[in-house]
Amino acid sequence: MEHTLQDTDFLVSQTDAKGKILFANEDFCKIAGYTLEELMGQPHSIVRHPDMPKAAFKDLWDTVKSGKVWKGYVKNATKNGGFYWVFATVYPNIACG
Ligand SMILES: Cc1cc2nc3c(=O)[nH]c(=O)nc-3n(C[C@H](O)[C@H](O)[C@H](O)COP(=O)(O)O)c2cc1C
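Next up on the list: the side chain of Thr63. Considering the arrangement of structural elements, one finds Thr63 in helix α3 (residues 54-65). There is a polar contact of 2.6 Å between the side chain of Thr63 and the backbone oxygen of Asp59. Those residues in contact with Thr63 that lie beyond four places of it in its chain are Lys68, Val69 and Trp70.

Here we take up the site of the ligand. Every residue near the ligand is listed here: Thr15, His44, Ser45, Val47, Arg48, Lys54, Phe57, Leu60, Trp61, Val74, Asn76 and Val90. His44 is positioned with one of its side-chain polar atoms (N or O) 3.3 Å from a nitrogen atom of the ligand. In isolation the ligand offers 610 Å² of accessible surface; the protein chains occlude 79% of this area. The pocket occupied by the ligand, as judged from atoms lying within 2 Å of grid points, is the largest pocket. Of all the secondary-structure elements, those providing two or more residues to the shell around the ligand are α3 and β3 (70-77). Take the shell around the ligand: its biggest share by element is 4 residues, from α3. Here the residues of the shell around the ligand are counted per class, giving 6 nonpolar, 4 polar and 2 charged.

Our next topic: the layout of surface pockets. In this structure, the largest pocket encloses a volume near 1,400 Å³. In this structure, the largest pocket is lined by 40 residues; those nearest its centre are Ser13, His44, Thr89, Val90 and Tyr91. Counting only elements with at least two residues in the lining of the largest pocket, the list comes to β1 (13-15), α3, β3 and β4 (83-90). Per-element tally for the lining of the largest pocket: the top contributor is β4, with 7 residues.

Our focus in this paragraph is α3. In this model, α3 (12 residues) spans 17 Å end to end at C-alpha, consistent with the 16 Å of a helix rising 1.5 Å per residue. Restricting attention to buried positions, one finds in α3 the residues Ala56, Leu60, Thr63 and Val64. End-on view of α3: buried residues confined to an arc of 90°, all on one side of the axis. Turned more than 90 degrees away from the buried face of α3 sit Lys54, Ala55, Lys58 and Lys65, all of them exposed. Those residues of α3 that are buried are in contact with β3 and β4. In the segment just after α3, Gly67 is the residue with positive phi, at about 90°.

Parameters at a glance
Residues numbered from 1 in each chain as written. Predicted model: local features only at pLDDT ≥ 70, side-chain atom pairs only at ≥ 80, totals over all residues. Heavy atoms only, no water. Helix = DSSP H or I, 4+ residues; strand = E, 2+ residues; numbered from the N terminus. Polar contact = N/O pair within 3.5 Å; in protein donor to acceptor, adjacent residues only side chain to side chain. Contact = heavy atoms within 4.5 Å. Near = heavy atom within 4 Å. Areas by Shrake-Rupley, 256 points an atom, 1.4 Å probe, with all protein chains shown as cover. 1 Å grid on protein atoms, 1.4 Å probe; cavity = no way out; pocket = protein on both sides within 12 Å on 5 of 7 lines; lining within 4 Å. Sits in = over half its atoms within 2 Å of the grid points. Nonpolar A, V, L, I, M, F, W, Y, C, P; charged D, E, K, R; others polar. Points joined across faces, edges and corners; volume = space filled by probe spheres on them. Expected span 1.5 Å × (residues − 1). Buried < 20%, exposed > 50% of the residue type's maximum accessible area, 1.4 Å probe, protein only. Arc of directions from axis to C-beta.

In structure tokens form, the structure reads like this:
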């Protein structure tokens, strides 16, 4: 079943350079249906929906690895077998060092 996001929903996640989840905010956990403990350390593909083409993620990674910002619609899967759409903005690592 589709979960439609509200205007106030703001999903944030952070990964390492390999796509392993380092952080997810409360809205992300709530909508994806996981606790933060369940998400931490997992590959971000934990929310991957099979309808998403591989090419979208190749483009995402190529873009971010070249230091640019990637934007696009992503259909994600929830833990309980549902799905939700996000308009994702993926930033390259902006931390110091
Ligand atoms: C910051 C960040 C956010 C990401 N968000 C998602 C996401 O919401 N859904 C998703 O399926 N993949 C997301 N990805 C891409 C995944 O890391 C992964 O490439 C994708 O799920 C495809 O899985 P695969 O690489 O194992 O084929 C994100 C990657 C990064 C770096």
